[in-house]
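For reference, the chains in residue letters:
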Amino acid sequence: MSQLLSSIEARLASLPIALAVVLPCGQRAGPVDARVVLHFQNMAALASLAAGQIGALGTAIVEGQIGVEGRMRDVMAAAASLLQADPVRGTSGWWVQAMARMRSMAAHTLVRDARQVQFHYDISDDFYGLWLDPRRVYSCAYFREAQMTLAQAQEAKLDHICRKLGLRPGERLLDIGAGWGALLLWAAEHYGVTATGITLSHNQHRHVQQLIAGRGLQGRVEMQLLDYRQLSAQQPFDKIASVGMFEHVGQAMLPGYFEAVRRLLRPGGMALIHGITAGGVDNTQVGAGMGEFIDRYIFPGGELMHVSRVLHDMGQSGLEMVDTENLRPHYARTLWHWSDALEAQLPEAGRILQQHLDAEGAAKVLRAYRLYLAGCAMGFERGWVALHQMLCIHPDGQVRGDEPLPGAQSGYAFHRGYMYS
């Protein structure tokens, strides 16, 4: 025990942010003026601290075995300094890849995907509404101008997507994984499209149905409770968006996902795929136990893939990537907005969760989300994860000689001017 305590005290002394620990017996180690204090209810989690196993520490916090004092920004700075290895270092060994593929196939059946999505999104609409923007956009915002509020940056993101897709009045737009409907409504109201969204979340489906009725958009916007693999269309869509969706698809199912996008997109049409990608080339989750923490408490079945892997499977399906943009720092800022908003309303968040869960379950969910939001903000800042928007076309095979750019085979202008003008 004394050797473990000596190891911990040495680790604490080397940290760039003042961190102290309080043992079950009341003994304290670390600076008196620590900005973060961890209160251990048992000794088992001390070994995780010494080893830099951040995920195990997070699990102990969620389960009530460690109490935390301090701002979440300071907690995450301390957590990052405890790491002893690169959290995005992966392995390309064939056996590891084969096992990962088998797990991915097992995790992403129609039934399991529905349960996994509902586990995350159907906690409580009011809980999400407490810390998201008024439109409940649950994906990376676009801080086009530095002084933007979160709400302004989310509207800028919605418009950024619509501009990239070159939406025109009368076009048919499909949103795969439409969330709480913000993009559907924005595209219909600002660009005059007919929009269809799909989700596996009962709460989101019900919320969007109410928005459609309240805004008088019946006939122009519809929301279906449906898996993308089950969607069929009498005629392909002109444009497709999929925002924050392919993280749930899984690497084994990614080729089929892009084949579905191609099948549902008319020749010459464009699709924008927006999602979280891995910071490392070979890892499918963040290391030091952080990926396991996310899988257990937040996104069961979620998998990360490097953008190169995503683009490979996109190309294999017959879609052509025409533009890719990394918005990683934008997501870090978005997540800090969410984290700060939740931290400012913890009692209300607990009250809302207790309307759906028992007191212990509500407390666990709240502790998990506090760590999740701040931890992800840290991960995007440090490049452990990234956020890419990938614009692709379904080539129509027509090489017309009378166009400004013969060979475009789509409505894409092959320059970015129209996106940013």
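Going along each chain's sequence as written, the residues are numbered from 1 onward. Where local features are concerned, this predicted model is filtered to residues with pLDDT of at least 70; where side-chain atom pairs are given and counted, the filter is 80 or more; whole-chain, interface and lining totals use all residues. Only hydrogens and water are set aside; all other atoms, that is, all heavy atoms of the structure, feed into the side-chain values.

Account for the pairing of strand β11 (residues 385–393), naming residues and giving values.
In the case of a regular strand, side chains alternate between the two sheet surfaces. Counting buried positions along β11 yields nine of nine residues, so the element is predominantly enclosed. Residue alternation in β11 divides its side chains into two sets, V385, L387, Q389, L391 and I393 and A386, H388, M390 and C392, and both sets are buried. Whether two strands pair depends on DSSP finding at least two bridges between them. Helix numbering and strand numbering both begin at the N terminus, where a helix is a DSSP run of H or I of at least 4 residues and a strand a DSSP run of E of at least 2. Pairing of strand β9 (residues 265–278) with β11, which is carried by nine bridges, proceeds in the antiparallel orientation. Looking at the pairing, H274 lines up with Q389 of β11. Where strand β10 (residues 320–326) lies against β11, six bridges are found, and the strand directions are antiparallel. By the bridge assignment for β11, D323 is matched with L391. Only protein chains enter the area calculation, which uses a 1.4 Å probe; residues under 20% of their type maximum are buried, those over 50% are exposed, and those in between are partly exposed.

Break down the nonpolar core for me, with residues and values.
Only buried residues count toward a nonpolar core, which is a set of Ala, Val, Leu, Ile, Met, Phe, Trp, Tyr and Cys residues joined through side-chain atoms within 4.5 Å. If you look at the biggest cluster of nonpolar residues, it comprises 82 residues, and the most contacted ones within it are V21, F40, F127, W131, Y138, W338 and Y369. Residues are treated as being in contact if the distance between any of their heavy atoms lies within 4.5 Å. Setting aside anything within four residues of it in sequence, one finds F127 in contact with L342, A349, I352, L353, L366 and Y369. Listed in part, the 32 residues of the second largest apolar core include L165, L167, L185 and V193.

Report on helix α14 (residues 328–343), specifying residues and quantitative values.
Compared with an ideal rise of 1.5 Å per residue, which puts 16 residues at 22 Å, α14 spans 23 Å between its outermost C-alpha atoms and is within 8% of the ideal. Those residues of α14 that fall on the buried side of the exposure criterion are H330, Y331, A332, T334, L335, W336, W338, S339 and L342. For a helix, the expected span equals 1.5 Å multiplied by the number of residues minus one.

Outline the sheet that holds strand β8 (residues 237–243), listing residues and values.
Read across the open sheet, the seven strands follow the order β7-β6-β5-β8-β9-β11-β10; overall the sheet is mixed. The open sheet has two edge strands, β7 (221–225) and β10, and neither has a second partner. Strand-to-strand twist of the sheet, defined as the mean angle between neighbouring strand axes without regard to direction, takes the value 15 degrees. In terms of strand pairing, strand β5 (residues 172–176) meets β8 through three bridges, oriented parallel. When the bridges of β8 are listed, L174 appears paired with I240. In the packing of helix α10 (residues 202–214) onto the sheet, the strands contacted are β6 (194–199) and β7, and the crossing angle to β7 comes to about 160 degrees. For helices, the fitted line uses only the C-alpha atoms of the stretch in contact; every axis is such a line through C-alpha atoms, and the angle between N-to-C directions lies from 0 to 180 degrees. Of the strands in this sheet, β9, β10 and β11 touch helix α13 (residues 307–316), which is tilted by about 20 degrees from β11.

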